[in-house]
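As a plain string of letters, each chain reads:
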Amino acid sequence: MNLQNIISTVKEVQHKFLSFEKNTDEIIEEVKKYILSNIDILEEAHYIDKNEKISREKIEQQFMIEPIEKSDTLRNEFGKVTNLYVPLGVLGVISNSDIYVILRIMILAILTRNGLIINITENVGTNYLMITNVNKILSEYGFENLIEIYNNNAGDTLEESEDIDGIIYVGKKANAERIKISSTKPVIYSGCGNYELYIEDNLDEKLIQNGIHNKNIKIYSIIPDFGQKVRNLEEAIIRINEEGNGYSVGIITESRENAKKFYDSFCDCCPVYVSCLYQIDSSSQIR
């Protein structure tokens, strides 16, 4: 099915969903029960996709959203928001396909009575099952096809479609800027895995340990066994520019010179956080 047909189908269902007289909390609760009852199958798919276990706690956290009134702006709990009002219509989702983020977006869509067309690029098996689980419950209420999958196989992109009412993007900041330029509709955007940290000494052990165990922090280090190995500050700056998401960066160093060089390399494009003997605060000002 081409993109235009998918959009038409979702719009039709979304229009019907607007007249649903019951509270959508009932649907969301049924979705939660169904997903948790099938978590073993999701676990198997996620292990194949990512070679890691699914966190039941993180699954449950995605359902913890405060009620959103129609008069409110759409509050995207995991990122920045433009002034979008709900219900908006059909939203195109372009994401790094983190399963927890995709689930949160689907729950928000049901809560705000929006339709979704999701472009899955990674974790295909797990996300397909997750979306199938949600659609199973939606179909029981008569809203099958409120959420659809699209992989740009026909060459049409979600952000360039005139018939999409808005875009949700999760990923690199540079891509978000590109999508905001190419889309004629409002864009909600957010970072995911959005912090790059360069380590060249052990002076802040607590921060280092937190970074090592936080999957949202990508570490570059001259110290063995601390993230991805780099030879020096210059290589770290190059790697972060090439591979980073562009939302925020950090350095742990004893060198004021290196701290300032790192700060100067990124301060115009994203927040810079520095830990060093000369005390550089979280507002990015060296003193």
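Look above for the structure.
Notes on the structure in this doc start here. Residue indices follow the written sequence of each chain, beginning from 1 at its first position. The predicted nature of this model means local features are confined to residues of pLDDT at least 70 and side-chain atom pairs, given and counted, to a pLDDT of 80 or more, with totals for whole chains, interfaces and linings taken over all residues. Heavy atoms throughout the structure, all of them, feed into the side-chain values; hydrogens and water do not.

## A word on the overall build of the protein chain
Move 1: Per the secondary structure count, the protein chain includes 10 helices and 10 strands.
Move 2: Each residue's exposure class comes from its accessible area (1.4 Å probe, protein chains only) as a fraction of the maximum for that residue type: buried when under 20%, exposed when over 50%, partly exposed otherwise. Per-residue burial for the protein chain yields a buried fraction of 47% across its 287 residues.
Move 3: In what follows, a contact means two residues having at least one pair of non-hydrogen atoms within 4.5 Å. Of the contacts made within the protein chain by residues no fewer than 6 positions apart, 63% connect residues no fewer than 24 positions apart.
Move 4: Surface summary for the protein chain: the accessible area is close to 14,400 Å², and the carbon and sulfur share equals 47%. Helix and strand labels come from DSSP, where a helix needs a run of H or I of at least four residues and a strand needs a run of E of at least two; each type is numbered from the N terminus. Exposure was quantified through the Shrake-Rupley algorithm and a 1.4 Å probe, taking into account, for residues, occlusion by the shown protein chains and nothing else.

## Looking at the pairing of strand β4 (residues 166–170)
Move 1: For β4, the tally of buried residues reaches 5 of 5 residues, placing the bulk of the element in the interior.
Move 2: Because side chains alternate across β4, one face comprises the buried residues G166, I168 and V170, and the other comprises I167 and Y169, equally buried.
Move 3: Think of it this way: DSSP has to see at least two bridges between two strands before they count as a pair. Pairing of strand β1 (residues 90–95) with β4, which is carried by 5 bridges, proceeds in the parallel orientation. Bridged to V93 within β4 is I168.

## Re the environment of R56
Move 1: Positionally, R56 belongs in helix α4 (residues 56–61).
Move 2: Look at R56 and you get partly exposed, because its relative accessible area is 42%.
Move 3: C-alpha separation for the pair R56 and I39, spaced 17 residues apart in sequence, amounts to 7.9 Å.
Move 4: Sequence-distant contacts of R56, defined by excluding residues within four places in its chain, comprise L36 and I39.

## A short note on helix α9 (residues 233–243)
Move 1: For α9, the complete set of buried residues consists of L233, E235, A236, I237, R239 and I240.
Move 2: Looking at the buried positions of α9, the neighbouring elements they touch are β6 (195–199), β7 (217–221), β8 (228–229), β9 (248–252) and α10 (256–266).
Move 3: Sitting at the amino-terminal end of α9 is N232, which places a side-chain oxygen 3.3 Å from the backbone nitrogen of E234. Nitrogen and oxygen atoms within 3.5 Å of one another constitute a polar contact, given that in protein one can donate a hydrogen and the other can accept it, and given that sequence-neighbouring residues count only through two side-chain atoms.

## What about the pattern of salt bridges?
Oppositely charged side chains can pair when the atoms bearing their charge come close.
Move 1: Whenever Lys or Arg places a side-chain nitrogen within 4 Å of a carboxyl oxygen from Asp or Glu, that contact is recorded as a salt bridge. Summed over the entire model, instances satisfying the criterion amount to 10 salt bridges.
Move 2: Salt-bridge contacts for E60 lead to R56; the nearest nitrogen and oxygen are separated by 3.5 Å. Within this pair, E60 and its partner R56 are both found in helix α4, separated by 4 residues, close to a single helical turn.
Move 3: On the basis of relative accessible area, E60 is assigned to the partly exposed category, the value being 25%.
Move 4: Taking the shortest distance from any N to any O, the salt bridge between R231 and E235 comes out at 2.8 Å.

## Some points on unusual backbone geometry
Move 1: Positioned with a positive phi, R113 is a non-glycine residue whose angle comes to about 60 degrees.
Move 2: Examined against the element boundaries, R113 turns out to sit in the loop between α5 (99–112) and β2 (115–119).
Move 3: Of the residues examined, R113 reaches a relative accessible area of 12% and is grouped as buried.
Move 4: Even without being glycine, N145 reaches a positive phi, approximately 75 degrees.

## Section: the side chain of E235
Move 1: You can see E235 is positioned in helix α9.
Move 2: Take E235: its relative accessible area is 17%, and that puts it in the buried class.
Move 3: Engagement of the side chain of E235 in a polar contact is seen with the side chain of R231, the distance being 2.8 Å.
Move 4: Beyond its immediate chain neighbours, meaning those up to four positions away, E235 contacts K229 and V230.

## Let's talk about the packing of α9 against α10
Move 1: Convention adopted: a line fitted to C-alpha atoms gives each axis, helices being fitted over their contacting stretch, and angles between N-to-C directions are expressed from 0 to 180 degrees. For the pair α9 and α10, interaxial distance at closest approach is 11 Å and the crossing angle is 20 degrees. One element, α9, and the other, α10, form an angle in the roughly parallel class. Our pair here, α9 against α10, has a crossing hand that is right-handed. Residue-level contacts link L233, E234, I237, I240 and N241 of α9 to N258, K261, F262, S265 and F266 of α10.
Move 2: Class assignment for the residues of the contact of α9 with α10 results in 5 nonpolar, 3 polar and 2 charged. Under this scheme an angle from 65 to 115 degrees is roughly perpendicular, one under 35 degrees roughly parallel, and one over 145 degrees roughly antiparallel; angles in between are oblique. Note: crossing handedness is left-handed where the near helix turns anticlockwise from the far helix by less than a right angle, and right-handed where it turns clockwise. Charged residues are taken to be Asp, Glu, Lys and Arg, nonpolar residues to be Ala, Val, Leu, Ile, Met, Phe, Trp, Tyr, Cys and Pro, and polar residues to be all remaining types, Gly included.

## A few points about the pairing of β1
Move 1: Of all the 6 residues making up β1, 6 are buried; the element is thus mostly covered by neighbouring parts of the structure.
Move 2: With burial as the criterion, each face of β1 is covered, one bearing V90, G92 and I94 and the other bearing L91, V93 and S95.
Move 3: Pairing geometry for β1 and β2, over 5 bridges, is parallel. In the strand pairing of β2, V90 is matched with G115.
Move 4: Assignment of crossover handedness uses the view with strands pointing away from the viewer, where a clockwise path from the first strand over the helix to the second indicates a right-handed crossover. Each parallel crossover has a hand, and the one from β1 via α5 to β2 is right-handed.

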